[in-house]
Amino acid sequence: MEKIYSLYNGKIKLVFDESKHTYKVNENEVVYGVTSIVSVISKPGLVYWAANAGAQKFTEFAKPGMVLDEVLIKQMADLIRSAHVESKNKSADIGTMIHDWLEQFLKAGLEKKPLPEKPVNPEMRNAIDAFLEWTKQNKVKFLESERKVYSIKHKYAGTCDAVAMVNGKLTIIDFKTTNAVYPEMFLQTVAYQKALEEETGKQFTHNLILRLYKEIPEKGIPPFEVIETTNHEENFKTFLACKRIYEWQMNGKREMILHNLINN
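Below: a short report on this structure. (Residues numbered from 1 in each chain as written. Predicted model: local features only at pLDDT ≥ 70, side-chain atom pairs only at ≥ 80, totals over all residues. Heavy atoms only, no water.)

Section: helix α4 (residues 122-137)
It helps to recall that an α-helix has 3.6 residues per turn; residues three or four apart then point in one direction.
Here is step 1: Under the 1.5 Å per step criterion, the end-to-end length of α4 is 22 Å for 16 residues, consistent within 8% with the ideal 22 Å.
Here is step 2: What α4 keeps buried is the set Met124, Ala127, Ile128, Ala130, Phe131, Leu132 and Trp134. (Helix = DSSP H or I, 4+ residues; strand = E, 2+ residues; numbered from the N terminus. Expected span 1.5 Å × (residues − 1). Buried < 20%, exposed > 50% of the residue type's maximum accessible area, 1.4 Å probe, protein only.)

Now the structure itself:
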């Protein structure tokens, strides 16, 4: 399903395909998304995570003294091979639902509508309670939620989780439910920042990652992690470098597809 967003006082129509998570400008020009661009950064930790997911699945399946025939060996191999996908999909589903609830909550507040009820799922509820606790501990005024952005100058698009005044500072906020905060997350936030500054003329002083815990931490430990940065220029240079690499990759794929079509 495609949705059209009017940006730059109606000069730009940004078309977002929710099912494909792709962007087009003025209905026909494809532009790359911020998340896709940043994906070019290597994440070696994922290799160890995938191996651990497979090992955990093996220990769940295998029992001492178990006799393995051809069918069981095949089943075990398939389970281990797909364990990381199963784990990733579960985490992604929960993370998406948490983001959806936060979007509903923020938009209800901005539009003065009834707030959504808290979910029953304990992991979702823990993350949402963590978000509410963070808002209590800080002076936060949300200005926009799920803001679509586009840079005319640099030709990229994206969706910013939230724009807010946080303790008197105009801030880009990105919500995370991951197990840690990684430096490349700030490449996303600075890309949103620069596109919004280009469109609105406003200057943002801070980018903020708000990581919400899905499990209740030990007593005395906050249920959230906040990391801020003001290193915008260096981060944006790195983002643009990622964009160049991503464009090179996509151009190479198109050339290979064309080559195969011509020669087959």
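What about the state of the cysteines?
Here is step 1: Overall, the coordinates contain zero disulfides when judged by the stated rule.
Here is step 2: Considering cysteine sulfurs only, Cys242 is the nearest to Cys160, which forms no disulfide, with 18 Å between them.
Here is step 3: Cys160 sits in the buried class, given a relative accessible area of 0%. (Disulfide = S-S within 2.5 Å.)

What about the layout of surface pockets?
Here is step 1: Approximately 250 Å³ is the volume attributed to the second largest pocket.
Here is step 2: Lining the second largest pocket are 16 residues; nearest its centre among them are His21, Thr22, Tyr23, Val30 and Val31.
Here is step 3: For the lining of the second largest pocket, the elements supplying multiple residues, two or more each, are β2 (12-17), β3 (22-25), β4 (29-33) and α6 (232-263).
Here is step 4: At four residues, the largest contribution of residues to the lining of the second largest pocket is made by β4.
Here is step 5: When the residues that make up the lining of the second largest pocket are grouped by side-chain class, the tally is eight nonpolar, four polar and four charged. (1 Å grid on protein atoms, 1.4 Å probe; cavity = no way out; pocket = protein on both sides within 12 Å on 5 of 7 lines; lining within 4 Å. Points joined across faces, edges and corners; volume = space filled by probe spheres on them. Nonpolar A, V, L, I, M, F, W, Y, C, P; charged D, E, K, R; others polar.)

What about empty space enclosed by the protein?
Here is step 1: If you walk through the whole model with that rule in mind, you get one cavity of 30 Å³ or more.
Here is step 2: In this model, the largest cavity occupies a volume close to 40 Å³.
Here is step 3: If you trace the largest cavity, you find it lined by His99, Leu102, Glu103, Leu106, Ser145, Glu146, Asp161 and Phe175.
Here is step 4: A total of four residues in the lining of the largest cavity trace back to one element, the largest contributor, which is helix α3 (residues 70-110).
Here is step 5: When grouped by side-chain class, the residues that make up the lining of the largest cavity number three nonpolar, two polar and three charged.

Re the environment of Ala127
Here is step 1: Tracing the chain through its elements places Ala127 in helix α4.
Here is step 2: Considering only alpha carbons, one finds Ala127 and Trp101, 26 residues apart in sequence, at a separation of 10 Å.
Here is step 3: Setting aside chain neighbours within four positions, we find Ala127 in contact with Ile98, Leu212, Tyr213 and Lys214. (Contact = heavy atoms within 4.5 Å.)

A short note on the packing of aromatic side chains
Ring pairs (aromatic) are described by centroid distance and by the angle formed between their planes.
Here is step 1: What the rule picks out here adds up to eight aromatic pairs.
Here is step 2: Taken together, a centroid distance of 4.8 Å and an interplanar angle of 35° make the contact between Phe16 and Tyr23 tilted.
Here is step 3: When its relative accessible area of 6% is taken as the criterion, Phe16 is described as buried.
Here is step 4: When the ring of Tyr156 is compared with that of Phe239, the centres are 4.9 Å apart and the planes differ by 70°; the resulting orientation is edge-to-face. Within this pair, whereas Tyr156 is found in strand β6 (residues 156-166), its partner Phe239 is found in helix α6, the two being separated by 83 residues in sequence.
Here is step 5: On the basis of relative accessible area, Tyr156 is assigned to the buried category, the value being 0%.
Here is step 6: For the cation-ring pair, Lys194 lies above Phe236, with the distance from its terminal atom to the ring centre recorded as 5.9 Å. (Phe/Tyr/Trp six-rings, centres within 6.5 Å; stacked < 30°, edge-to-face > 60°. Lys NZ or Arg CZ within 6 Å of the ring centre and 35° of its normal.)

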